[in-house]
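Residue-level listing of the chains:
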Amino acid sequence: MFSSMKVICLVLFTLQIGAQISNVKEAHELTEGEKHVLVREHLRARRDAKPAPSDMLFMTWDNTLAEESEQISRQCIYEHSQLKSDKYPFVGENIFLASGMTADESLMEGAVQMWESEKENFDFDSNSCASSAVCGHYTQVVWAKSNKVGCGLTVCQEIDVGSKKFTDASLMFCRYAPAGNVIGRAPYETGEPCFDCDVDEQCILNSCANQERDGNADYAEWLKIVGESAPDKTGDSSSCRPSLGFFNLLSFAVLLLFYNGL
């Protein structure tokens, strides 16, 4: 009897995995260009955070977080995962869902810009979202101590969200380390950009940059790609001292963003 129950459980588990695999329309592998766009948009959002952060860390791509995000997205389930990271004790997670759109650099750019647009709903002074509004994606994007990001995307045949069903659905997860959205804490300290950087750190894109921590990132290239300051400002990125310093995605497809906060 016990043996028969084990066989039944194994069959049900196999059927469940098979159903998830069959729901994958495209097992999308992020290109280097797409990874670049995702990091660029995160760096830009962090650079432009208001009020200005004084302790923002420079953000770079992390392959482990990307592999985990891809693994989660392959399940084609729109909910936060319980997957433990192989590398970090605690990770944050943002989810993006778009229906009927091409999985390309424009989609990646639009996803992060849409998360950033939630800043209109966030009141820094009270460290809270406006009533019935969403802002948790934004606060994770600009969480000062979250200096690593990795994303993964899968195009699914269909995804159920509540009572709604979405077809040809691009599901993207981005994981962050260390985790942001810690209850009771603000996303960052405010003040002159980079004021709270360590003495041996550089101020790059209004973030504290450290070559050892950042994996020998090419700061000059990122300054060129992102721009060292917002269009109406100038900044000095040579050292860590104070710097003086919408999303427009054209498509006839339906774009939907839902919020699942940590």
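Computed from a predicted structure; not experimentally measured.

Enquirer: Help me understand the state of the cysteines in this model?
Expert: Working definition of a disulfide: a covalent bond connecting the sulfur atoms of two cysteines. All told, the structure shown has five disulfides when counted by the stated rule. Linked covalently through their sulfurs, Cys194 and Cys203 form a disulfide whose S-S length is 2.0 Å. Between Cys194 and Cys203, the S-S dihedral sits near 75°, and the bridge is therefore right-handed. In the protein chain, the bonded cysteines, numbered by position in the sequence, are linked as 1-5, 2-3, 4-6, 7-9, 8-10.

Enquirer: Got a minute to help me understand the pairing of strand E7 (residues 164-177) in this structure?
Expert: The side chains of a regular strand alternate, first on one face of the sheet and then on the other. For E7, the buried fraction is high: 10 of the 14 residues fall into the buried class. Sheet topology places strand E3 (residues 92-99) next to E7; eight bridges connect them, and they run antiparallel. Note that in E7 the partner of Glu93 across the bridge is Arg175. In textbook terms, the turn of a hairpin is the stretch between consecutive antiparallel strands, and for strand E6 (residues 148-161) and E7 this stretch comprises two residues, one of which, Gly162, has a positive phi near 65°.

Enquirer: Where do I start with the pattern of salt bridges in this structure?
Expert: Two side chains of opposite charge can pair, provided their charged atoms sit close to one another. In the structure shown here, the tally under the stated rule is 19 salt bridges. Ionic pairing is found between Arg175 and Glu93, a salt bridge with its closest N-O pair at 3.0 Å. Taken as a pair, Arg175 in strand E7 and Glu93 in strand E3 lie far apart in primary sequence, 82 residues in all. Across the pair, Glu93 and Arg175 agree in class, each one buried. For Asp160, the salt bridge goes to Lys165, with nearest N and O atoms at 2.8 Å.

Enquirer: I would appreciate a short explanation of the environment of Leu30 in the present structure.
Expert: Here Leu30 lies in the loop between strand E1 (24-26) and helix H2 (32-47). Through-space distance from the C-alpha of Leu30 to that of Gly152 is 6.9 Å; in sequence the pair is 122 residues apart. For Leu30, the contacting residues outside a window of four places in its chain are Lys35, Leu38, Trp61, Met108, Cys151, Gly152 and Leu153.

Enquirer: Before we go on, may I ask you to explain the environment of Asp62 in this structure?
Expert: Within the element layout of this structure, Asp62 appears in the loop between strand E2 (60-61) and helix H3 (63-73). Residue Asp62 is classed as buried on the basis of its relative accessible area, which comes to 4%. Along the primary structure Asp62 and Lys148 are separated by 86 residues, whereas in three dimensions their C-alpha atoms are 5.8 Å apart. Not counting the four nearest positions on each side in its chain, Asp62 is found in contact with Lys87, Tyr88, Lys148, Val149 and Gly150. Polar contacts involving the side chain of Asp62 include one to the side chain of Tyr88, which spans 2.7 Å.

Rules of the game
- Residue numbers here run from 1 along each chain, matching the order of that chain's written sequence.
- pLDDT decides what is reported in this predicted model: residues at 70 or higher carry local features, side-chain atom pairs at 80 or more are listed and counted, and totals for whole chains, interfaces and linings draw on all residues regardless.
- Think of the side-chain values as coming from all heavy atoms in the structure, minus any hydrogens and water.
- Two cysteine sulfur atoms make up a disulfide if the distance between them is within 2.5 Å.
- Here's how the labels work: a residue is buried when its accessible area is under 20% of the maximum for its type, exposed when over 50%, partly exposed in between, all with a 1.4 Å probe on protein chains only.
- Helical segments are the DSSP runs of H or I of at least four residues, strand segments are the runs of E of at least two, and each set is numbered from the N terminus.
- When DSSP finds at least two bridges between two strands, those strands are taken to pair.
- Salt bridges are defined as contacts in which a side-chain nitrogen from Lys or Arg sits within 4 Å of a carboxyl oxygen from Asp or Glu.
- In this analysis, two residues are considered to be in contact whenever any of their non-hydrogen atoms come within 4.5 Å of each other.
- What qualifies as a polar contact is a pair of N or O atoms within 3.5 Å, subject to a donor-acceptor requirement within protein and to the restriction that residues adjacent in sequence count only when both atoms come from side chains.

Function cannot be read off these values alone, since they describe shape.
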